[in-house]
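Chain and residue survey
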Amino acid sequence: MTRWRAMAAALLVTAGPAVAGPYEDAQVSFKHGDYAAAAQGFLQGAQQGNFLAQAALGAMYVEGLGVPRDPAAAAAWFRPAAEHGLAAAQYNPAALYHKGDGVPRDYAQARQWYVRAAEQGDTSAQFSLAVMYRLGQGVKQDYGEAAQWFRRAADRGDGLSQLSLGLMYRWGQGVPRDDVQSYMWFGLASSSSTPGRADAKRIRSEAEHHRSELEARMPPERVATARELAKIWTPRN
């Protein structure tokens, strides 16, 4: 399941008490796999100003579920929901601007929306901000800032951010080089389970590969320390 489809599905359980209306009818249609009817219901709700329907309709346009795939239309519907303050909707236009998917690539717009979503705890936005700082996309390259954003998402249990933070510690980019910290984050990433990630298996496999490489050259006592740190680690909200 992609991030977009997972977001659309998640919206079905975030609307609060059900009240008869187009959005609620669309929820039922979506759950039953009738995406054309769902898209029509979300459209009606979106036109009435329902920001959850606007965000869900945007996701339908990105995926091409019940409607032709149209990232430009998706961006147009995501924006009012994002302005309303919905973190998932704030991430979505950011991702489109970041990739130039259906809209002109615009790193400034991408960063603006990523920041708003990231400050609300959206781990995908936190990870994407880290990538922008790591690669210098629309901002001055800053490994320290990248490591901080990777850390915020990693602390919330995002496997890809845990893998990325492990690599930062391994290479000493933005943080002091530290095999114990690197091993710990690789270990956490290798057992992570992030709902909605199509690449979860690859993340776990890559993390296990890096952890095995580290273990082959680390003293046993440092491996034991890293394993203990991973054992007592708990995600933060």
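Only a predicted model underlies this, so the values are computations on that prediction, with no experimental measurement involved. (Residues numbered from 1 in each chain as written. Predicted model: local features only at pLDDT ≥ 70, side-chain atom pairs only at ≥ 80, totals over all residues. Heavy atoms only, no water.)

**Regarding the overall build of the protein chain**
- When helices and strands are counted, the protein chain shows 13 helices and zero strands.
- Along the protein chain, helices and strands appear, N-terminal first, in the series α-α-α-α-α-α-α-α-α-α-α-α-α.
- Here the protein chain holds 237 residues, and 50% of them are scored as buried.
- Counting contacts in the protein chain only where the partners sit at least 6 residues apart, residues at least 24 apart contribute 53% of the total. (Helix = DSSP H or I, 4+ residues; strand = E, 2+ residues; numbered from the N terminus. Buried < 20%, exposed > 50% of the residue type's maximum accessible area, 1.4 Å probe, protein only. Contact = heavy atoms within 4.5 Å.)

**Regarding the confidence of the model for the protein chain**
- For the protein chain, mean pLDDT is 90; residues scoring 70 or higher make up 89% of the total.
- Highest mean pLDDT in the protein chain belongs to helix H9 (residues 143-155) (98); lowest belongs to helix H1 (residues 3-11) (52).
- Taken together, the stretch residues 13-19 has pLDDT below 50 and engages in six contacts with residues farther than four places along the chain or on a different chain. (pLDDT = per-residue confidence, 0-100.)

**Section: the packing of aromatic side chains**
- Here the structure, examined in full by the defined rule, presents five aromatic pairs.
- Here Tyr 91 and Tyr 114 contribute two aromatic rings whose centre-to-centre distance is 5.8 Å and whose plane-to-plane angle is 40 degrees, an arrangement assigned as tilted. With a gap of 23 residues between them, Tyr 91 in helix H6 (residues 87-99) and Tyr 114 in helix H7 (residues 107-118) connect regions that are remote in the sequence. Across the pair, exposure class does not vary: Tyr 91 and Tyr 114 are buried alike. (Phe/Tyr/Trp six-rings, centres within 6.5 Å; stacked < 30°, edge-to-face > 60°.)

**Observations regarding the nonpolar core**
- Among the nonpolar cores identified, the biggest contains 69 residues, and Phe 42, Met 60, Tyr 114, Phe 150, Leu 163 and Trp 185 are the most heavily contacted of them.
- The element that contributes the greatest number of residues to this core is helix H4 (residues 51-63), accounting for eight residues. (Core = buried A, V, L, I, M, F, W, Y, C linked by side-chain atoms within 4.5 Å.)

**Topic: the packing of H4 against helix H5 (residues 71-84)**
- The geometry of H4 relative to H5 is characterised by a closest axis approach of 8 Å and an angle of 155 degrees between their N-to-C directions. Put simply, H4 runs roughly antiparallel to H5. The chirality of how H4 crosses H5 is left-handed. Where H4 abuts H5, its residues Phe 51, Gln 54, Ala 55, Leu 57, Gly 58, Ala 59, Tyr 61 and Val 62 lie against Pro 71, Ala 73, Ala 74, Trp 77, Phe 78, Pro 80, Ala 81 and His 84. (Axes fitted to C-alpha atoms, helices over the stretch in contact; angles between N-to-C directions. Parallel < 35°, antiparallel > 145°, perpendicular 65-115°, else oblique. Left-handed = near helix turned anticlockwise from the far one by under 90°.)

**Thoughts on the environment of Val 67**
- Here Val 67 shows up in the loop between H4 and H5.
- It is 6.8 Å that separates the C-alpha atoms of Val 67 and Ala 39, two residues lying 28 residues apart in sequence.
- When near neighbours in sequence (up to four residues on either side) are disregarded, Val 67 contacts Ala 39, Met 60 and Tyr 61.

**Some points on the environment of Asp 122**
- You can see Asp 122 is positioned in the loop between H7 and helix H8 (123-135).
- Spatially, the C-alpha atom of Asp 122 lies 6.5 Å from that of Ala 87, the residues being 35 residues apart in sequence.

**Quick look at the side chain of Arg 134**
- Summarising the element assignment, Arg 134 is placed in helix H8.
- Nearest to the buried, unbridged Arg 134 among oppositely charged side chains is Glu 206, at 8.5 Å.
- If we ignore the near neighbours within four places in the chain, the residues touching Arg 134 are Gln 141, Tyr 143, Ala 146, Phe 150, Ser 164, Met 168, Trp 171 and Gln 173. (Lys, Arg positive; Asp, Glu negative; His and termini not counted. Salt bridge = Lys/Arg side-chain N within 4 Å of Asp/Glu carboxyl O.)

**Let's talk about the pattern of salt bridges**
- For the coordinates displayed, the defined rule picks out 10 salt bridges.
- The residue Asp 179 makes a salt bridge to Arg 217 at a minimum N-O spacing of 3.2 Å. With Asp 179 in helix H11 (residues 179-190) and Arg 217 in the loop between helix H12 (200-215) and helix H13 (220-232), this pair connects stretches of sequence that are 38 residues apart.
- The network of salt bridges with common partners includes Arg 151, Asp 155 and Arg 236.

**Thoughts on H4**
- Between its first and last C-alpha atoms H4 spans 19 Å; for 13 residues at 1.5 Å apiece the expected length is 18 Å, and the two agree.
- Here H4 lies mainly inside the structure; 12 of its 13 residues are buried.
- Residues of H4 that are buried: Leu 52, Ala 53, Gln 54, Ala 55, Ala 56, Leu 57, Gly 58, Ala 59, Met 60, Tyr 61, Val 62 and Glu 63.
- Where H4 ends, the next residue or the one after it, Gly 64, has phi of about 75 degrees, a positive value. (Expected span 1.5 Å × (residues − 1).)

**So, the environment of Arg 211**
- Tracing the chain through its elements places Arg 211 in helix H12.
- In this structure, the C-alpha to C-alpha distance between Arg 211 and Asp 179, residues 32 residues apart in sequence, is 9.6 Å.
- Once you skip the residues sitting within four places of it in the chain, Arg 211 turns out to touch Tyr 183, Phe 186, Gly 187 and Ser 190.

**What about H9?**
- End to end, H9 covers 18 Å across 13 residues, agreeing with the expected 18 Å (1.5 Å per residue, within 8%).
- Here H9 has its buried residues at Ala 146, Ala 147, Trp 149, Phe 150, Ala 153, Ala 154 and Asp 155.
- Buried-residue contacts for H9 involve H7, H8, helix H10 (159-171) and H11.
- Of the residues that open H9, the one with a side-chain oxygen 3.0 Å from the backbone nitrogen of Gly 144 is Asp 142.
- Two residues or fewer after H9 comes Gly 157, characterised by a positive phi angle close to 95 degrees. (Polar contact = N/O pair within 3.5 Å; in protein donor to acceptor, adjacent residues only side chain to side chain.)

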